[in-house]
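# Breakdown of the fold
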Amino acid sequence: MGLAILLGVFGVGVVIGFPVAFAMGIAAASAFWFEGFPMLITFQRATAGVTVFSLLAIPFFVFAGEIMLHGGIASRLVKLASALVGHLKGGLAMVNIFSSMLFGGISGSAVADISALGSLLVPVMKERGYRPDFAVNVTVTSSIAGIVIPPSHNMIIFAVAAGGGISVSKLFLAGVIPGILMCVSLAIAAYILSIKHNYPSEPFPGWRAVGRASADAIPGFMTAVIIVGGTLSGVFTVTESGAFGALYAVFLTRFYYRSLSMSAFKLAVVGAVRTTAMVMILIAFASSFAYLLALYQVPEKLSNLLVSISDNPIVILLMINIILLILGMIMDMAALILICTPIFLPIAVGLGMDPTQFGIMMLINLGLGLCTPPVGTCLFVGCAVGKIKIEEALKSIWPFYLAILAALLLVTYVPAVSLWLPSLYN
């Protein structure tokens, strides 16, 4: 009955439009009340969930991304991408995907990627004869590279949800190849569609232009190098790397590029505070929710259910992916990481999967959920930027879904895709 109350109150809260964080908090408080526990326990568990030192890295990561978003870095990365891959068939689509790979590695945010790159590239693609739905779909699906390619604050959330026993440095390394693989898969899909619809290519500007674009963009890209490199080298902790990365981003955009105005700085601060507050509230109440899931032995019961259906690891991992894909269609990514990690990680580890590999699998899976209705944040933002209806985008987005699913299956069933780089670091 207690589990039914927990899940029932949570489900009703989500359906009637409560923010996920508050729906979890109310559900946890209701279950604690039913079990006869003092209401204070709800808030004690919530407080314990956010008093984790590594979570301090999240506001720094988010702030660095906001500074890059408002400081003009995106346009420089687009120029570099255009010089390198714009001459291919469907050149602007390739530029879009490659720019997302570069910008995502700096901002770590899919929504920031769409806001920055979509506003630059989607109008230009439409002017050059690309179908609006194609332009939006390329922008939306490639944006989730920022979730997988480090640095990503979602990796920190996963590490915390996993109980703190997973190295964030290993997660950073593990995300590099899968992120690139996903972008290559999307580029192949875009190339095939570009041939089908005879989309244009851009003239190659020459190697001198490539050099100039690289020289202009590399200082911005160094933000990611500072954050990831500082963590991997052991010079900084994850939190310290985030702080130095944020300071570097402010210095670069304000004094080197001179592209960060005071009004843009204020917008970056407000955006970072808003995002951080949302994430921390979510983590706090998810901690109480996860405590009750463990109390009701949900991970063990679900594990027994899956094993009763099949004892084949390939089938069980496929079922986990399907469950995550379905949940990703109706819930926010951060909430699902916090709820599902304690449930599915023990099952995956029991099947012999490395926790780091599972983390990358989950990030790609739930990243795809950001691009799917009915609660696809990236899909909504992309359609708003491209000024098209969601229904119009969904009619032609399926080749890009297939490309991401191909990368997801490789990460799920080929451990070397995500674990080769971390093995070199060891």
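Since this is a predicted model, take the numbers as computed values, not measurements. (Residues numbered from 1 in each chain as written. Predicted model: local features only at pLDDT ≥ 70, side-chain atom pairs only at ≥ 80, totals over all residues. Heavy atoms only, no water.)

This paragraph deals with the overall build of the protein. Helix and strand counts for the protein stand at 22 helices and 0 strands. Rg of the C-alpha trace for the protein: 21 Å, near the compact-globule value of 22 Å for 426 residues, within the 12% margin. Reported as C-alpha extents along the three principal axes, the dimensions of the protein are approximately 70 × 45 × 45 Å. A burial count over the protein gives 54% of its 426 residues as buried. Once the 19 positive and 14 negative side-chain charges of the protein are each reduced to a mean point, those two points are 12 Å apart. (Helix = DSSP H or I, 4+ residues; strand = E, 2+ residues; numbered from the N terminus. Rg over C-alpha atoms; globule rule 2.2 N^0.38 Å. Buried < 20%, exposed > 50% of the residue type's maximum accessible area, 1.4 Å probe, protein only. Lys, Arg positive; Asp, Glu negative; His and termini not counted. Charge placed at Lys NZ, Arg CZ, Asp CG, Glu CD.)

Another point: a nonpolar patch on the surface. A cluster of nonpolar residues, Ile314, Val315, Leu318, Ile322, Ile326, Leu409, Leu410, Tyr413 and Val414, forms a patch on the protein surface that exposes about 710 Å² of accessible area. For the nonpolar patch, the leading source of residues is helix H16 (residues 313-328), giving 5 residues. Along the chain, the position of Leu410 falls in helix H21 (residues 398-413). (Patch = residues over 30% accessible without salt bridge, like charges linked within 9 Å, V, L, I, M, F, W, Y side chains within 5 Å. Areas by Shrake-Rupley, 256 points an atom, 1.4 Å probe, with all protein chains shown as cover. Salt bridge = Lys/Arg side-chain N within 4 Å of Asp/Glu carboxyl O.)

As a further point, take helix H12 (residues 207-233). The end-to-end C-alpha distance of H12 is 33 Å, clearly below the 39 Å that 27 residues give at a rise of 1.5 Å each. At Ile218, H12 shows its maximal bend, which comes to roughly 40 degrees, and the proline Pro219 appears one to four places after that position. At the exit of H12 stands Gly234, carrying a positive phi of roughly 85 degrees. (Expected span 1.5 Å × (residues − 1). Bend = angle between axes of the 7 residues up to and from the residue.)

On to the packing of aromatic side chains, then. Two aromatic rings, taken as a pair, are described by how far apart their centres are and by the angle between their planes. Enumeration over the complete set of coordinates arrives at 15 aromatic pairs. Here the aromatic rings of Phe32 and Phe37 are separated by 5.8 Å at their centres, their planes lie at 45 degrees, and the arrangement is tilted. Owing to a relative accessible area of 0%, Phe32 belongs among the buried residues under this scheme. Among the aromatic residues, ring-to-ring pairing joins Tyr130, Phe134, Tyr199 and Phe400 into one connected group. Lying across the ring of Tyr257, Arg76 places its NZ or CZ 3.8 Å from the centre. (Phe/Tyr/Trp six-rings, centres within 6.5 Å; stacked < 30°, edge-to-face > 60°. Lys NZ or Arg CZ within 6 Å of the ring centre and 35° of its normal.)

With that settled, consider the nonpolar core. Residues Met24, Phe134, Ile320 and Phe358 are the most contacted members of the largest nonpolar core, which totals 147 residues. Of all the elements, helix H17 (residues 333-350) adds the most residues to this core, at 13 residues. Residues within four places of Ile320 in sequence aside, it is in contact with Leu306, Phe344, Ile347, Phe358 and Met361. (Core = buried A, V, L, I, M, F, W, Y, C linked by side-chain atoms within 4.5 Å. Contact = heavy atoms within 4.5 Å.)

This next bit is on unusual backbone geometry. The omega torsion of the bond from Pro150 to Pro151 falls at 0 degrees, within 30 degrees of zero and hence cis. Position of Pro151 relative to the elements: it lies in the loop between helix H9 (145-148) and helix H10 (153-161). Positioned with a positive phi, Arg258 is a non-glycine residue whose angle comes to about 55 degrees. With respect to the helices, strands and loops of the structure, Arg258 is situated in the loop between helix H13 (238-256) and helix H14 (262-295). What makes Arg258 exposed here is its relative accessible area of 67%. One non-glycine residue with positive phi stands out, namely Lys387, at about 60 degrees. For Lys387, the location among the structural elements is in the loop between helix H19 (377-386) and helix H20 (390-394).

So, on to the pattern of salt bridges. Pairing between side chains becomes possible if they bear opposite charge and their charged atoms approach one another. Summed over the entire model, instances satisfying the criterion amount to 3 salt bridges. When the shortest N-O distance is used, the salt bridge between Arg76 and Asp216 registers 3.4 Å. One end of the pair, Arg76, is in helix H5 (residues 73-85); the other, Asp216, is in helix H12, with 140 residues separating them in the sequence. Taking relative accessible area as the criterion, Arg76 reaches 17% and is therefore assigned buried. Here Arg131 and Asp133 are joined by a salt bridge, their closest N and O atoms 2.8 Å apart. For Asp133, a relative accessible area of 4% corresponds to the buried category.

With respect to the helices and strands, the residue Ser99 is situated in helix H6 (residues 91-107). From its side chain, Ser99 meets the backbone oxygen of Val95 in a polar contact 2.6 Å long. Among all residues touching Ser99, those that are not within four sequence positions of it are Leu77, Val78, Ala81, Gly104, Leu117 and Leu121. (Polar contact = N/O pair within 3.5 Å; in protein donor to acceptor, adjacent residues only side chain to side chain.)

Summarising the model, the protein shows a mean pLDDT of 87, and 99% of its residues fall at 70 or more. Summarising per-element confidence for the protein, the mean pLDDT is lowest in helix H7 (residues 110-127) (81) and highest in H21 (95). (pLDDT = per-residue confidence, 0-100.)

In this section: the environment of Leu92. For Leu92, the location among the structural elements is in helix H6. Residue classification places Leu92 among the buried residues on the basis of a relative accessible area of 7%. Sequence separation of Leu92 and Tyr199 is 107 residues, and the distance between their C-alpha atoms is 9.1 Å. Apart from the residues within four sequence positions on either side, Leu92 is in contact with Val124, Met125, Arg128, Tyr130 and Glu202.

The subject of this paragraph is the side chain of Asn137. Positionally, Asn137 belongs in helix H8 (residues 132-142). Residue classification places Asn137 among the buried residues on the basis of a relative accessible area of 0%. There is a polar contact of 3.1 Å between the side chain of Asn137 and the side chain of Ser396. Leave out the neighbours within four places in its chain, and Asn137 touches Ala393, Ser396, Ile397 and Phe400.

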